[in-house]
Amino acid sequence: MIQNLIMAAAANRRGSTVFIIALLVVAFDCHESLALAPAASTARPVSKSSLLFSSAAAIEARVSDTNPSALQRQSSKDSIVRFSSDLAKVLNDLRKNPRDEQIPPPFNDASQLCFSRTWSLDDWDEHTSRWRYVDTLKAFPTSPLFKRLFPQMAVLISWSILCTWLFSRNCNLLQKFSLPLTPLSLLSTFVAALLTLRSNQGLDRLNQGRVAFGKVVLHTRDMAQLISAFVYPHDERLGLKCLRHVSLVGWLLKHFLRGGPMDDDIVKTMLSAVDADFVLKHRKPPVAIVGRLRQVFHHMAEQHQLSTAAEIALDHVASSLNECITTTERIVASPIPPLYTAHTGLLLTFYLACLPLALRGSGLLNAVGTIVTTTVVGYAMLGLDEISHLLEQPFKLMPLYQLSKNSMRDVGDAIVLQPPPLDAAVDETLATTGVIGKPEYW
């Protein structure tokens, strides 16, 4: 009989020494009771098997304390340890690349300073260095703006060379259509004003987008801290569920603003199958996160697990998140009026096409001077126009990848690195033992 129980335990693959010992004790206890117990049923003391099962449970609990990760793998119950492990999987495995692969290659060069990544103190030192002019000249051939302007500049330089060559051949057609330089200088004033206004609009949209996504990082941090303070102490399961949803806001909003492949692997890592299916199938996944949070808050308020002040604070942060999402939607859905853009582009094209004719036809510059002047003026004006177009849709170049990772780390810190209890004895203990080590997702 004992051999059969041992074989059954091995086939069950629980593999625990404590479990096999407990089975042996049960078999011995049953064998002893069958041999010695009287026919009439009488009250009996606590059996050896009960005592041994209690001891086995204590031993297994002690083993689990020494190896919490093993316990989390065996149990489906969520915990802070499991939450921290899932964050580490996302940040250190699924998204371990420090650079954003969705940024176009000219703006994703780690050797040059650019707006598409978050800056460090070393980057600011390089940016404000007195040698920045020399560094800019060295990096000019490989600069992102030069690469984007290369086709337009090639056409403009070719046209300038053709015009100067035709003037050198005394072409009668060009002499009839040559323009005086003074009227063209009046047109340049309007073109410069239009380009300046459009560049200012682009910079304003860039600032609005950066502020809106920065507020998303701020509000997710606030939400995580409020959840860890008000929700998690009353219901650990719902508290961790909310924190898992909050950690995904940055990633889901990044995809919502840029498009491209969905971060399904991140969502399925952080959420259960039911929650992941709900979020991924929603028309606006970031809004689905906010709706899920409000569902939890309403449920806990009905169960009298949240005070009125806590519920108001949580709902206020949820409304702020919704406001940030709406702001980013507005920036993506409402460009600078295309009629204004088309008018500016038309006047710019006309001005640059007539510039070499006016410079060479007036006789103020020779052929080389005409080509060089047209090239410099064209690069300045076309560069402003191209920059304004890039800034018009700021989320294509903003460091959303790094901001989403920072937001996820902040959410994890809110629950993993909880502040110590407000107790004098605890303060003295922490003073002697030191601070908790850094989490694995850092």
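Residues numbered from 1 in each chain as written. Predicted model: local features only at pLDDT ≥ 70, side-chain atom pairs only at ≥ 80, totals over all residues. Heavy atoms only, no water.

Caption draft 1: Representation of the overall build of the chain within the structure. Within the chain one finds 20 helices and zero strands. Among the 442 residues that make up the chain, the fraction classed as buried is 37%. Long-range contacts, defined as pairs at least 24 residues apart, comprise 77% of the intrachain contacts of the chain with a sequence gap of at least 6. Carbon and sulfur atoms make up 63% of the accessible area of the chain, which totals about 25,600 Å². (Helix = DSSP H or I, 4+ residues; strand = E, 2+ residues; numbered from the N terminus. Buried < 20%, exposed > 50% of the residue type's maximum accessible area, 1.4 Å probe, protein only. Contact = heavy atoms within 4.5 Å. Areas by Shrake-Rupley, 256 points an atom, 1.4 Å probe, with all protein chains shown as cover.)

Caption draft 2: View of the packing of aromatic side chains. One pass over the full model with this rule turns up five aromatic pairs. With 4.9 Å between their ring centres and 65° between their planes, Trp119 and Trp124 make a pair best called edge-to-face. In this structure Trp124 comes out as partly exposed when scored by relative accessible area, which is 46%. Ring centres 5.8 Å apart and planes at 80° place the aromatic pair Trp251 and Tyr401 in the edge-to-face group. (Phe/Tyr/Trp six-rings, centres within 6.5 Å; stacked < 30°, edge-to-face > 60°.)

Caption draft 3: Examining a negative patch on the surface more closely. Together, Asp122, Asp125, Glu126 and Asp135 make up a region of like negative charge exposed at the surface. Among the elements that line the negative patch, the one with the most residues is helix 6 (residues 121–127), at three residues. Counting through the fold element by element, Asp122 comes out in helix 6. Asp122 sits in the exposed class, given a relative accessible area of 58%. (Patch = residues over 30% accessible without salt bridge, like charges linked within 9 Å, V, L, I, M, F, W, Y side chains within 5 Å. Salt bridge = Lys/Arg side-chain N within 4 Å of Asp/Glu carboxyl O. Lys, Arg positive; Asp, Glu negative; His and termini not counted. Charge placed at Lys NZ, Arg CZ, Asp CG, Glu CD.)

Caption draft 4: Fine view of the packing of helix 10 (residues 181–231) against helix 12 (residues 249–258). In the contact formed by helix 10 and helix 12, the axes pass within 10 Å of each other and the chain directions differ by 155°. Taken together, the axis directions place helix 10 and helix 12 in an arrangement best described as roughly antiparallel. Helix 10 and helix 12 meet at a crossing whose hand is right-handed. Of helix 12, the residues touching helix 10 (which contributes Phe213, Val216 and Thr220) are Val249, Gly250, Leu253, Lys254 and Leu257. Its residues assigned to classes, the contact of helix 10 with helix 12 shows five nonpolar, two polar and one charged. (Axes fitted to C-alpha atoms, helices over the stretch in contact; angles between N-to-C directions. Parallel < 35°, antiparallel > 145°, perpendicular 65-115°, else oblique. Left-handed = near helix turned anticlockwise from the far one by under 90°. Nonpolar A, V, L, I, M, F, W, Y, C, P; charged D, E, K, R; others polar.)

Caption draft 5: The confidence of the model for the chain, seen in detail. Mean pLDDT over the chain: 80, with 78% of residues reaching 70 or higher. Below pLDDT 50 for its whole length, residues 1–75 participates in 34 contacts with residues either more than four positions away or in separate chains. (pLDDT = per-residue confidence, 0-100.)

Caption draft 6: Quick look at the packing of helix 12 against helix 15 (residues 285–302). Two elements in contact, helix 12 and helix 15, have axes whose closest approach is 8 Å; the angle formed by their N-to-C orientations is 150°. What the angle tells us is that helix 12 and helix 15 run roughly antiparallel. Mapping the contact onto sequence places Val249, Leu252, Leu253 and Phe256 in helix 12 and Pro285, Pro286 and Ile289 in helix 15. A per-class count over the contact of helix 12 with helix 15 returns seven nonpolar, no polar and no charged.

Caption draft 7: Looking closely at the state of the cysteines. Applying the stated criterion across every chain yields a total of zero disulfides. Sulfur of Cys354: no disulfide; nearest cysteine sulfur belongs to Cys163 and is 9.3 Å away. (Disulfide = S-S within 2.5 Å.)

Caption draft 8: Region of interest: the pattern of salt bridges. Under the criterion given, the structure shown has 15 salt bridges. Arg244 is the partner of Asp78 in a salt bridge, and the nearest nitrogen-oxygen pair spans 2.8 Å. Remark: Arg244 occurs in helix 11 (residues 236–246) and Asp78 occurs in the loop between helix 4 (68–74) and helix 5 (80–94); sequence separation between them is 166 residues. Here Asp78 falls in the partly exposed class, since its relative accessible area comes to 22%. The class for Arg244 is buried, based on a relative accessible area of 7%. Note that Arg95 and Asp265 form a salt bridge whose closest N and O atoms lie 2.9 Å from each other. Residue Arg95 is located in the loop between helix 5 and helix 6, and its partner Asp265 is located in helix 13 (residues 264–270); the two are separated by 170 residues in the primary sequence. Look at Arg95 and you get buried, because its relative accessible area is 15%. When its relative accessible area of 29% is taken as the criterion, Asp265 is described as partly exposed. Within the structure, one salt-bridge network assembled from shared partners comprises Arg95, Lys254, Asp263 and Asp265.

Caption draft 9: Region of the structure containing helix 11. With respect to burial, helix 11 is a largely interior element, nine of its 11 residues being buried. For helix 11, the full list of buried residues reads Leu238, Gly239, Leu240, Lys241, Cys242, Leu243, Arg244, His245 and Val246. Residue Asp235 occupies the N-cap position of helix 11, its side-chain oxygen lying 3.2 Å from the main-chain nitrogen of Arg237. (Polar contact = N/O pair within 3.5 Å; in protein donor to acceptor, adjacent residues only side chain to side chain.)

Caption draft 10: Geometry of the environment of Cys354. Structurally, Cys354 is set in helix 17 (residues 338–361). Cys354 gets classed as buried once you look at its relative accessible area, which sits at 10%. As a C-alpha pair, Cys354 and Leu184 span 170 residues in sequence and 7.9 Å in three-dimensional space.

Caption draft 11: Region of interest: the nonpolar core. In terms of nonpolar packing, the biggest core is built from 58 residues, with Met223, Ile227, Phe297 and Met408 touching the most fellow members. With nine residues, helix 10 is the single largest residue contributor to this core. Beyond its immediate chain neighbours, meaning those up to four positions away, Met223 contacts Val246, Leu293, Phe297, Leu314, Val317 and Ala318. Counting 18 residues, the second largest nonpolar core, distinct from the first, contains Leu156, Leu195, Ala358 and Leu382. (Core = buried A, V, L, I, M, F, W, Y, C linked by side-chain atoms within 4.5 Å.)

Caption draft 12: Expanded view of helix 8 (residues 144–168). Here helix 8 is 25 residues long and its end C-alpha atoms lie 36 Å apart, about the 36 Å a rise of 1.5 Å per residue gives. When the local axis directions of helix 8 are compared, the greatest deviation, roughly 55°, occurs at Phe150, which is followed within four positions by the proline Pro151. Restricting attention to buried positions, one finds in helix 8 the residues Pro144, Leu149, Met153, Leu156, Ser160, Cys163, Thr164 and Phe167. Asn170 sits one or two positions beyond helix 8 and adopts a positive phi of about 55°. (Expected span 1.5 Å × (residues − 1). Bend = angle between axes of the 7 residues up to and from the residue.)

Caption draft 13: Local environment of unusual backbone geometry. The phi torsion at His304 lies on the positive side, around 60°, for a residue other than glycine. The residue His304 is located in the loop between helix 15 and helix 16 (308–333) in this model.

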